[in-house]
Amino acid sequence: METLLMDRVQSSLRLFMPKNAIFLCERLCAEFPTESNLQLLANCYLGNNQAYCAYHILKGKQMPQSRYLFAISCFQMNLLREAEAALSPANEPNSEVPNGAAGHYLLGLIYRYTSRRSSAVDHFTQALSIDPLLWAAYEELCILGAVGGASDYFSDVAASRIQQQYLSESSSHKISIGDEDRSIQSSRVLGLNDSSPKQPKNLHSNSIKEISNTHVVMAAGQAANSGSSNLSLYNTPSPVASQLSGIAPPPLCRNGFFNAVSCDGSSKPAANAAILAPRRKAMEEGRLRKVSGRLFSDSGPRRSTRLSGEATAGINSNASQAGGGTGTNHSSSSRFLGGFSSSSSKTSSAAFRTMTGRKGPSCISESFDEGRKTEVFGDSCGEDASATMSSVAIFVDCRYLEEDKINLHAGGLSVHDSKLINGIRELLGLLRTLGEGYRFSCMHRSQEALEVYQKLSQNQYNTGWVLSQIGKAHFEMVDYFEAARFFDLARRVSPYSLEGMDIYSTILYHLKEEMKLSYLAQELISTDRLAPQAWCAMGNCYSLQKDHETALKNFQRAVHLDSRFAYAHTLSGHEYVALEDFENGIKCYQRALQVDERHYNSWYGLGVIYLRQEKFQFAEHHFRRAFFINPRSSVLMCYLGMSLHSLRRNEEALEMIEKAILADPKNPLPLYQKANILLSLERYDEALMNLDQLKECAPQETSVYALMGKIYKKLNMHEKAMFYFGLALDLKPPATDVAIIKSAMEKLYLPDEMGDSL
């Protein structure tokens, strides 16, 4: 009953029927309340998004897997301290983290979200050292900015580590298969004794068949026990161990031979019958229960079942012809060894002939080439001697066949190893390229990231994830048109994926593509209403329409769906700033930084708030933090220069503004701020030159003409000043700017100390 219930529960989980799995697993735990069954029930609840149920079931449990699942439930419930205590108990500082790489990865996430960066980096690194293919751990290291290079993690050392892991798994599997094949081979070789006219057939054939069947059943039992995890549920306790408790384990080829025939050639039928009678009964029962390994008759045949059937057929055929047995054995075993050629059988047959000729040339000469046997006996060789020599010959042949089989296995492993090594190298090469590109993206080295992604094959390049990463790189470079093109390609390749769609919606917001943004938001909502990216797109759509309150509600909905989605917190902060609710805006930015301290957009948002509140030192600090994370952003350089200018550190400000212009010559903001700084330094002609250049880039910006009017007023060129103030008003600026410009026009002919309010 327990095995059947466990199988049905796991089958329900595989078929994505969590409610059925929960119901059956509750019945299982009620009848068999073991901790392993409770783990299975917790798995069912976690699969049904009921982490709180798994939390209560596993609380206080001490098995490693229970601690891991309990930590998963705590992490999903945001109980990070309890999750940490489950994975790394305080009273056991040197205890092993459960589940290896996965446990270290989860512990790294806990440390990251509790602002312990160094510990998080250590555990992510340990996770990658255990499992170099754990890409999620590498992503986290990139997000934390703690990656030196992708080649450090996806190197030849990692390849050898993966190879060792796979070879250790495959070697155990090969050993079990080798045991089966050698048992079958020994049974068939021992069956050759039946064809010898000088040996008592009745005595030896029965005993040898019993020993052979014992080998096959035990080998099949080993294969069944070493099978896949889902088949292991069907294994039932075998009666063999209890019934044969007083009997020695089945002998190998050498021991089997000496049990069947003694050294002096005398046979012991009575002893063999006494030993083998209970063994026959036990093996037949064991074959029914152990070899099948199934509870149901409609299951497909297992390999061990076929092997035992072939072994029985081989023994019967070898009883009639000895020479064909060797060849038949190789042809049948080649099905499991990769299909070797018949040359190996010839080699073993030649070795057999050589050994028999070398061992007893004066007593016996046998040839098994065509199933014929020719015997030449000397006067000194009796029946006992002939039996002994033929037995030695069989033993030698058995040993050589085993050696030949080992060589065949070795050859097969070498071919498998070469394919495995090539596959590992190809995979790690792909991860190196993707990892290097992702590392450059996280370091905001967008141009270098684009160059790396260009090295990918066409199949890998034209995937949704890669195209989204390329779109993000163009977004960081403020190339919104190209970024939108790549995100649109990503949507076509993977319309079901929401990866990066929050960024895509922000790009459409900057491009003022109202129709496209509205269509994107509706598509994402219809795809997955529980995805934070969908609600971020909806919020950007309302923000573009200047409906900041509705936009804020949508961003808050994204935060409620995923409190660890840093960009949703940041967008909420932007809307609070637009509503001039600076206090709540600061809180949103700080929450985003708690999730991701390298989220430079939040540092920038805090700097903007402090700049508007005229807290220039705080503004300079936060802009500098953002600039340290993303030192290639022209916008951050410009705002840092503005804060330095407000602190009257004009030379530093001018130097930073020059860097911003070089970083993005198309960005009009640095040119405007440079003109402001030059005006404060009374370098009017240079300021006007910058503004004339800026008119070509942004002919509709009212602030440009207003600043030109102010400079001409400083130069006492009132007519030109009035002209540019008029142009600024004609472009319909915001109401606050209109009031300032009109006030400047009224004070145009007043002295500078009275009319310098613009």
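Data block above holds the structure.
Reading the values: rules and limits
Residues numbered from 1 in each chain as written. Predicted model: local features only at pLDDT ≥ 70, side-chain atom pairs only at ≥ 80, totals over all residues. Heavy atoms only, no water. Helix = DSSP H or I, 4+ residues; strand = E, 2+ residues; numbered from the N terminus. Buried < 20%, exposed > 50% of the residue type's maximum accessible area, 1.4 Å probe, protein only. Contact = heavy atoms within 4.5 Å. Areas by Shrake-Rupley, 256 points an atom, 1.4 Å probe, with all protein chains shown as cover. Axes fitted to C-alpha atoms, helices over the stretch in contact; angles between N-to-C directions. Parallel < 35°, antiparallel > 145°, perpendicular 65-115°, else oblique. Left-handed = near helix turned anticlockwise from the far one by under 90°. Nonpolar A, V, L, I, M, F, W, Y, C, P; charged D, E, K, R; others polar. Expected span 1.5 Å × (residues − 1). Phe/Tyr/Trp six-rings, centres within 6.5 Å; stacked < 30°, edge-to-face > 60°. Lys NZ or Arg CZ within 6 Å of the ring centre and 35° of its normal.

Draft legend 1. Local environment of the overall build of the protein. Of regular secondary structure, the protein possesses 39 helices and zero strands. Looking at the protein as a whole, 49% of its 758 residues qualify as buried. Counting contacts in the protein only where the partners sit at least 6 residues apart, residues at least 24 apart contribute 58% of the total. Accessible surface, the protein: about 37,200 Å² in total, of which carbon and sulfur atoms supply 53%.

Draft legend 2. Looking closely at the packing of helix α20 (residues 446-453) against helix α22 (residues 464-476). Where α20 meets α22, the closest approach of the two axes is 9 Å, and the angle between their N-to-C directions is 155°. Our classification of the angle between α20 and α22 gives roughly antiparallel. Regarding α20 and α22, the two cross each other, and that crossing is left-handed. Every residue of α22 that contacts α20 at S446, L450 and Y453 is listed here: W465, V466, Q469, I470, A473, H474 and E476. Split by residue class, the contact of α20 with α22 holds six nonpolar, three polar and one charged.

Draft legend 3. Representation of helix α1 (residues 2-14) within the structure. For α1, spanning 13 residues, the distance from its first C-alpha to its last is 18 Å, which sits close to the expected 18 Å at 1.5 Å a residue. Listing the buried residues of α1 in full gives L5, M6, D7, V9, S11 and S12. Each element contacted by the buried residues of α1 is listed here: α2 (18-31) and α3 (35-47). At the exit of α1 stands F16, carrying a positive phi of roughly 60°.

Draft legend 4. Representation of the packing of aromatic side chains. Under the criterion given, the structure shown has 19 aromatic pairs. Between the aromatic rings of W135 and Y138, the centroid separation amounts to 5.2 Å while the plane-to-plane angle is 35°, which identifies the pairing as tilted. Here Y138 and W135 lie together in helix α9 (residues 135-143), a separation of three residues that amounts to about one turn. The same class applies to W135 and to Y138, which are both buried. Each ring, one from Y138 and one from F154, has its centre 5.2 Å from the other, and the planes form 55°; the classification is tilted. Remark: F154 occurs in the loop between α9 and α10 (156-190) and Y138 occurs in helix α9; sequence separation between them is 16 residues. Take Y138 and F154: they sit in the same class, and that class is buried. An aromatic cluster is defined as three or more aromatic residues linked by ring pairs; in this entry it consists of W135, Y138, Y153, F154, Y438 and W465. Across from the ring centre of F23, 4.6 Å away, lies the NZ or CZ of R27, which sits over that ring.

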